Amino acid sequence: MATSLWPISTLADEPAAPQAGAASGVEQCVASHAEVQKLRKEHRLLEAGRALQACKRSECPAPVLRDCVAWGDELERATPSVVFNVTSGGEQIAGAKILVDGQPVELSSSGAPLRLDPGKHAYRVEHGGYEPVAKEFILFEGQRFQQLNVALEPLAVAQAPEAPAPVMERYRPVPALTYVLAGVGVAGAASFAVWGLMGRSEKDHLEKTCSPTCGDSELSAVRTKYLIADISLGVGAAALVGAGLTYLLRPTKERPVVVSVEPSRTGVYGSVSFRGL
């Protein structure tokens, strides 16, 4: 140390019998002189710097004043300090809330460093929209302008969980036309049977009653019934063929399958439903 800390021993050389007010001022100077030395030994440099002001007054004895002035320069050099550099993505962030040892600190707008006592400290940096950062650090005497780089990360945006992909089932629905054609085919077959039976019955009747001298009008009625039966057969056959083709060539589709399990008084039962039907 450039200047040693010691209790003053030269006050006895000062003029005796000071006035009461002067004696009180001298006592304060001496007490502050001793307090500075005590705080300095305990490495409480910030408190020592504040106590130093009381022994640097003009009314203090010359030895005390000389010591306190010298100690002021020494404390200034020994007191460590830090500079916070708060960034995000390489860009500086202004207005961040900084707590050191649990106490909020106001940083100078001019960029002046924050003076701290030597030893272990902890800081926490907060800013809206960013994850807070908390760390510990150690400062040593004389470690001035120590830069603390704090990189903030933006808060992660909560994303809704993706819905699981529905279970799909492949199926081949029967077209409505298949049912229509099948109906026409069945109707045609029925019509063929009815008109055919009617024509056969009437033919048998004519063979028994007037054959071979039956008139054209009687024979025409039989031919008409057979013609209707043949047309019904053709239409019914064509419809049945069309129904078969539309059934065999029907396209393949997909539909989601929903499986649900629900409790009941008698146990648990499940159900399967298909959407898009």
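How each quantity is defined
Residues numbered from 1 in each chain as written. Predicted model: local features only at pLDDT ≥ 70, side-chain atom pairs only at ≥ 80, totals over all residues. Heavy atoms only, no water. Helix = DSSP H or I, 4+ residues; strand = E, 2+ residues; numbered from the N terminus. Expected span 1.5 Å × (residues − 1). Buried < 20%, exposed > 50% of the residue type's maximum accessible area, 1.4 Å probe, protein only. Contact = heavy atoms within 4.5 Å.

A. Region of the structure containing helix α5 (residues 216–248). Over its 33 residues, α5 runs 47 Å from end to end, which matches the ideal 48 Å to within 8%, given 1.5 Å per residue. Those residues of α5 that fall on the buried side of the exposure criterion are V222, K225, A229, S232, G236, A239, G242, A243 and T246. Tucked into the core, α5 has its buried residues touching α4 (176–209).

B. Just the environment of Y247, in detail. Along the chain, the position of Y247 falls in helix α5. Under the relative-accessibility criterion, Y247 is labelled partly exposed at 37%. For the pair formed by Y247 and T178, sequence separation is 69 residues and the distance between their alpha carbons is 6.1 Å. Those residues in contact with Y247 that sit more than four places away from it in its chain are R172, V174 and T178.

C. Seen up close, unusual backbone geometry. Positive phi outside glycine occurs at D101, with the angle close to 55 degrees. Here D101 shows up in the loop between β3 (97–100) and β4 (103–104). In the Ramachandran plot, F145 falls in the positive-phi region, its phi being about 60 degrees despite a non-glycine side chain. Along the chain, F145 falls in the loop between β7 (133–139) and β8 (146–151).

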